[in-house]
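# Analysis of the macromolecular model
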Amino acid sequence: FDGERQLSGDERRAILGTVLGDSRFVLSPAFRGAPEKARSAAVAGSHSQKSGLTLWKLSELPWLKALPVQPGRSVVINGRAGEAGPTAPFRSINMRQLKRLYDLAYREGQKRLSQHALDALGPRGLAWLLVDDGCVQKYGPARQNNGSRGGRLVRDETLVFNLQGFPRADIDEAAEWFREH
């Protein structure tokens, strides 16, 4: 990787955690139909401007670049209309090292939650995954949940990863991985 900034192990684990969360790897359009042929990838993501998460990520990984803030917009989530506030996107340059992480987090062009990726996270990557897609259930009596968002009912003060965007088989494998680790 001559001429390319070398990422530390902690940086690679943080990027893997954020990509398994709300961020994504981006390939050149020429390779989106054949990701195995791509030689590099970029990481991209966006958070609510109000949350400050993009600024925090940029302070932790200063080689990420902030993009112009995107205005709020109307959204529909689970059939309910609402307004999303402004978002603060970020992106990296294309790097060959990131393509190696892409290969760990994606299979046939789809983001997957494999045991190999979970093994590679380490504490820093797991923390970044938690920042992106985790929460602590703090509300009183749990409402009935049909499994379409957030999975099974949990007790108060339970740490929850919101992984419903992954295939069911991946979620089951991840649940087993968490029980073992």
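What counts and how
- Residues numbered from 1 in each chain as written.
- Predicted model: local features only at pLDDT ≥ 70, side-chain atom pairs only at ≥ 80, totals over all residues.
- Heavy atoms only, no water.
- Axes fitted to C-alpha atoms, helices over the stretch in contact; angles between N-to-C directions.
- Helix = DSSP H or I, 4+ residues; strand = E, 2+ residues; numbered from the N terminus.
- Parallel < 35°, antiparallel > 145°, perpendicular 65-115°, else oblique.
- Left-handed = near helix turned anticlockwise from the far one by under 90°.
- Contact = heavy atoms within 4.5 Å.
- Pairing = 2+ DSSP bridges.
- Buried < 20%, exposed > 50% of the residue type's maximum accessible area, 1.4 Å probe, protein only.
- Arc of directions from axis to C-beta.
- Core = buried A, V, L, I, M, F, W, Y, C linked by side-chain atoms within 4.5 Å.
- Expected span 1.5 Å × (residues − 1).
- Salt bridge = Lys/Arg side-chain N within 4 Å of Asp/Glu carboxyl O.

With that settled, consider the packing of helix H1 (residues 9-20) against helix H4 (residues 115-133). Between H1 and H4, whose axes approach to 6 Å, the crossing angle comes to 55°. On the basis of the axis angle, H1 is oblique to H4. Pair H1 / H4 crosses with right-handed handedness. For the pair formed by H1 and H4, the contact residues are Asp 10, Arg 13, Ala 14, Leu 16, Gly 17, Thr 18 and Leu 20 on the first element and Ala 117, Ala 120, Leu 121, Gly 122, Arg 124, Gly 125, Trp 128, Leu 129, Asp 132 and Asp 133 on the second.

Moving on, we get to the sheet that holds strand E1 (residues 24-26). Read across the open sheet, the four strands follow the order E1-E2-E6-E3; overall the sheet is antiparallel. Where the open sheet ends on each side, the last strands, each with one partner, are E1 and strand E3 (65-66). Bridge count between E1 and strand E2 (residues 42-48): three bridges; the pairing is antiparallel. Of the residues in E2, the one forming a bridge with Val 26 is Ala 42. Against the sheet, helix H3 (residues 96-105) touches E1 and E2, its axis set at about 125° to E1.

For the rest of this paragraph, the subject is helix H2 (residues 53-60). If you check which residues of H2 are buried, you get Thr 54, Lys 57 and Leu 58. In a view along the axis of H2, the buried residues occupy a sector of 100°, so they form one face of it. Opposite the buried face of H2, at more than 90 degrees from it, the exposed residues are Leu 55 and Ser 59.

Judged by nonpolar contacts, the single largest core of 34 residues is most densely connected at Ile 15, Leu 20, Phe 25 and Leu 98. The set of elements that each furnish at least two residues to this core consists of H1, H3, H4 and helix H5 (168-180). Beyond its immediate chain neighbours, meaning those up to four positions away, Ile 15 contacts Phe 25, Val 43, Leu 61, Trp 63, Leu 98 and Leu 101.

Let us now look at H1. Owing to its 3.6 residues per turn, the α-helix aligns residues three or four sequence positions apart on the same side. Between its first and last C-alpha atoms H1 spans 16 Å; for 12 residues at 1.5 Å apiece the expected length is 16 Å, and the two agree. Those residues of H1 that fall on the buried side of the exposure criterion are Gly 9, Glu 11, Ala 14, Ile 15, Leu 16, Gly 17, Thr 18, Val 19 and Leu 20.

With the rule as written, the count across this model stands at 10 salt bridges. Residue Asp 10 pairs with Arg 124 through a salt bridge whose shortest N-O separation is 4.0 Å. Taken together, the residues Asp 10 in helix H1 and Arg 124 in helix H4 connect sequence positions 114 residues apart. Asp 103 is paired through a salt bridge with Lys 99; the nearest N and O atoms lie 2.6 Å apart. A residue pair is termed a helical-turn pair when its members lie 3 or 4 positions apart in one helix, as Asp 103 and Lys 99 do in helix H3 at four residues. On the accessibility criterion, Asp 103 (46% relative accessible area) is partly exposed. Relative accessible area serves as the criterion here: at 6%, Lys 99 is assigned to the buried category. Shared partners join several salt bridges into a network, and the residues in it are Asp 10, Arg 13, Glu 60 and Arg 124.

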